[in-house]
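Chains, contacts and geometry: an overview
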Number of protein chains: 2
Amino acid sequence: MTIRAFVFDAYGTLYDVQSVLERVERACPGRGALITQIWRLKQLEYTWLRTCMEDFANFAVVTRDSLVYALHVAGVEPAEALVTELEDAYLHLTPAPEAHDSLRALEGHTRAIFSNGSVAMLDALVLNTGLKGLLEHVVSVDSAKVFKPSPKAYALLEPVIGVPPNETMFVSSNGFDVAGAKRFGFQVAWVRRGGGPGTAPADAGPTDMFKAQRLHAEMLNAKPDHVLGSLTELVDLR
Amino acid sequence: MTIRAFVFDAYGTLYDVQSVLERVERACPGRGALITQIWRLKQLEYTWLRTCMEDFANFAVVTRDSLVYALHVAGVEPAEALVTELEDAYLHLTPAPEAHDSLRALEGHTRAIFSNGSVAMLDALVLNTGLKGLLEHVVSVDSAKVFKPSPKAYALLEPVIGVPPNETMFVSSNGFDVAGAKRFGFQVAWVRRGGGPGTAPADAGPTDMFKAQRLHAEMLNAKPDHVLGSLTELVDLR
C-alpha cells in the first residue's frame, strides 16, 4: 500500500513531555520528578476517564486539573501563579531532537499532527517551536469531544487531510495510541526511542514508574506495523 | 432522600487489592511491590482504554493482560504456571477488616456489589470470602460491554436491584468510581481509609506511586456526598 500521509502524535512523539521537568524542578525544588511524572500520568488518565464518563473537557482543562492533582500529591499549594507558570510549559515543549529534520525529509507527503491537545495549545506549540512550516495540518480531537484512543477521535482525521487510514502512516510513541490507531485502520509506526525502557528496578522511583507504566509494549490486542528507534527511520517507510 | 439500597464497589472497597502482594512476593522474591502496583495500575488503565477503544474484553482477560505487562516490566518471564497462580489471587482477595460487620449492620436494606469484575470472578470471590450471604445482588459490568466510569455501566444497576440511583448509596474507595457514580445520579460515599495517603515522598517507590496516583481526591468535576474513614460509618447513612 502506498503511503500518502504521515500523521504524528504530538505529546511524547514529536515533543518531549519530560522537558517540563526543568521548570517544575525550578519552581518546586527537590520534587520536580515526582510532580512531573504524576502530572503526565494523571493527564493521560483524565483524558481516558473523561472519555469513559462522557464528560469531555478540553486538554487545557485536563492539563491544569492533573497539575493541581500532582501538586496536592507533593504537598505543594496549587497557587494560581504557580499553576499558570507550569501549565505554560506545555506551550514550549522541546521537540524531539530529530523532529525538524525528519519532517523535512518527508516533504512531498502530507504531514500532520493529530493530538489530544486543544486547538489553541497545538497552534501555540507548533508556532513556538518552529514546526508550523513543516506541517500541512494540525488536527485536534476537540471537535469530537472525546480523546484518543476513541475511534470517534481518529475518525476526524480523514475529512481534514483527505487521505484514507490505510494510506496514512500514523506515528506515535504512546502505546495506547498505537493500539487505538491500528484498531481504527491506520498503518502504524511505534517510535520506541532507545529500544524501550528496559526492566524497572524493584525500588523504581517516580521516573522509573512513569517509564514502567507508559513505555513497554501494551497488551491491547493491536500491534504496530513498524517499530522504530526514532523518527529518523520514517524515510524508509515512504 | 431515604436510602433504600447500599451498593459497593468490590476491588479496593469491600476487598483489599493489595492483599495479592504476599503471593506475588513469594513467586517473585524482591519484586513483589513493583509487580503488584504495576499490575493494579495497568489493570485499571486497560479497563478505561478498552472502554475508550470500544473493544471490550472481560475483567478476567484484563487482569491477565495487565499481570503479563507487569511481569515484563519486572523482567520476569510470564510463564503459564506463574500467571495462572497469580491471577488466582483475585479470587481470594482479603476482605476489608470491617466488611462483614458493616454489611451485617445494613441488613434490611438492599445490599449489592457493582463491580468491573466478570460474573465468574465475582461469584467465586464472594463465595470464597464468606460475603455471599450478606449481599442480595452481585452485579457485573459484563453485559454492558464497558467498564466503570461509563454511564452505560452504571445504568445496569437499577433494573437489577429495583432501586433508583437517588435512593441508592453508592460506596467506593476508588476516586474515578466516585466521580462516575455521582455524575450518573447516585448518592455517593467515598471511603477514604486512614484519611487518605498523605503527601508522597520525592523519591516515591512503587507503593507510594500507587497511592499517589489512586488515593488522592480526583479533579473530575463530581464530588462525593460523604467522605468516610471506613465502611463502619455507613450505618450513620441509613
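These lines cover the structure that appears in this document, whether it is placed above or below. (Residues numbered from 1 in each chain as written. Chains lettered and ligands numbered in written order. Predicted model: local features only at pLDDT ≥ 70, side-chain atom pairs only at ≥ 80, totals over all residues. Heavy atoms only, no water.)

**Points about the interface of chain B and chain A**
- Each side of the interface is counted separately: chain B has 50 residues, and chain A has 51 residues.
- Here chain B meets chain A over a buried area of about 4400 Å², counting both sides, of which 63% is carbon and sulfur.
- In terms of surface lost to chain A, no three residues of chain B exceed B:C52, B:M53 and B:M219, which account for 16% of the buried area on that side.
- Between chain B and chain A we count eight salt bridges in total.
- The closest approach of N and O atoms between B:D55 and A:R183, which form a salt bridge, is 3.5 Å.
- Counting every contact that joins chain B to chain A gives 22 residue pairs in polar contact (both at pLDDT 80 or more).
- Elements supplying a minimum of two residues to the side of chain B that touches chain A: α2 (32-53), α3 (59-73), α7 (151-154), α9 (175-184) and α10 (206-214) of chain B.
- Among the residues forming the side of chain B that touches chain A, the class breakdown is 27 nonpolar, eleven polar and twelve charged. (Contact = heavy atoms within 4.5 Å. Buried area = accessible area lost by both parts, 1.4 Å probe. Salt bridge = Lys/Arg side-chain N within 4 Å of Asp/Glu carboxyl O. Polar contact = N/O pair within 3.5 Å; in protein donor to acceptor, adjacent residues only side chain to side chain. Helix = DSSP H or I, 4+ residues; strand = E, 2+ residues; numbered from the N terminus. Nonpolar A, V, L, I, M, F, W, Y, C, P; charged D, E, K, R; others polar.)

**Some points on empty space enclosed by the protein**
- Counted under the stated rule, the structure contains three cavities of 30 Å³ or more.
- Considered as a void within the structure, the largest cavity measures approximately 90 Å³ in volume.
- Taken together, A:L41, A:E45, A:W48, A:Q213, A:R214, B:L41, B:E45, B:W48, B:Q213 and B:R214 make up the full set of residues lining the largest cavity.
- For the lining of the largest cavity, the secondary-structure elements that each account for two or more residues are α2 (32-53) and α10 (206-214) of chain A together with α2 and α10 of chain B.
- Considering only residue class, the lining of the largest cavity consists of four nonpolar, two polar and four charged. (1 Å grid on protein atoms, 1.4 Å probe; cavity = no way out; pocket = protein on both sides within 12 Å on 5 of 7 lines; lining within 4 Å. Points joined across faces, edges and corners; volume = space filled by probe spheres on them.)

**Some words on the sheet that holds strand β7 (residues 187-191) of chain B**
Residue and element names in this part refer to chain B.
- An order of β5-β4-β1-β6-β7-β8 is seen for the six strands of this open sheet, with the pairing classed as parallel. Looking at the sheet topology across the chains shown, the edges are occupied by β5 (137-140) and β8 (226-228). On average, each strand axis in the sheet is inclined to that of its neighbour by 25°, with strand direction left out of account.
- Direction of pairing for strand β4 (residues 110-115) relative to β5: parallel, over a ladder of four bridges. Bridging from a neighbouring strand, A112 pairs with H137 of β5.
- Strands in contact with helix α6 (residues 119-128) are β4 and β5; relative to β5, the strand with the most contacts, it is inclined by about 150°. (Pairing = 2+ DSSP bridges. Axes fitted to C-alpha atoms, helices over the stretch in contact; angles between N-to-C directions.)

**Topic: the packing of α10(A) against α2(B)**
- Contact geometry of α10(A) with α2(B) gives a least axis separation of 10 Å together with a crossing angle of 50°. The angle between the axes of α10(A) and α2(B) places the two elements in the oblique class. Of the two possible hands of crossing, α10(A) and α2(B) adopt the one that is right-handed. Along the contact surface, α10(A) presents A:M209, A:A212, A:Q213 and A:R214, while α2(B) presents B:L34, B:I38, B:L41, B:K42 and B:E45.
- A breakdown of the residues in the contact of α10(A) with α2(B) according to their chemical character gives five nonpolar, one polar and three charged. (Parallel < 35°, antiparallel > 145°, perpendicular 65-115°, else oblique. Left-handed = near helix turned anticlockwise from the far one by under 90°.)

**What about the relation of the copies chain B and chain A?**
- Screw-axis analysis of chain B against chain A gives a translation of 0.0 Å along the axis, an RMSD of 0.0 Å, and a rotation angle of 180°. Read as a symmetry element, the transformation amounts to a two-fold axis. Among all C-alpha atoms of chain B, that of B:G205 lies closest to the rotation axis, at 2.4 Å.
- When the interface residues of chain B are mapped onto chain A, 100% of them again lie at the interface, so the same face is used by both copies. (Least-squares fit on C-alpha atoms with pLDDT ≥ 70 in both.)

**Observations regarding the sheet that holds strand β4 (residues 110-115) of chain A**
Residue and element names in this part refer to chain A.
- One open sheet holds the six strands; their spatial order is β5-β4-β1-β6-β7-β8, and the pairing between them is parallel. Of all the strands in the sheet, just β5 (137-140) and β8 (226-228) have a single pairing partner and so form its edges. Neighbouring strand axes in the sheet, compared pairwise and without regard to direction, differ in orientation by 25° on average.
- In this structure, strand β7 (residues 187-191) lies alongside β8, joined through three bridges in parallel fashion. By the bridge assignment for β8, V191 is matched with L228.
- Those strands touched by helix α6 (residues 119-128) are β4 and β5, and its axis lies near 150° from that of β5.
- In this fold helix α9 (residues 175-184) packs onto β6 (168-172) and β7, with an angle of close to 170° to the strand it touches most, β7.

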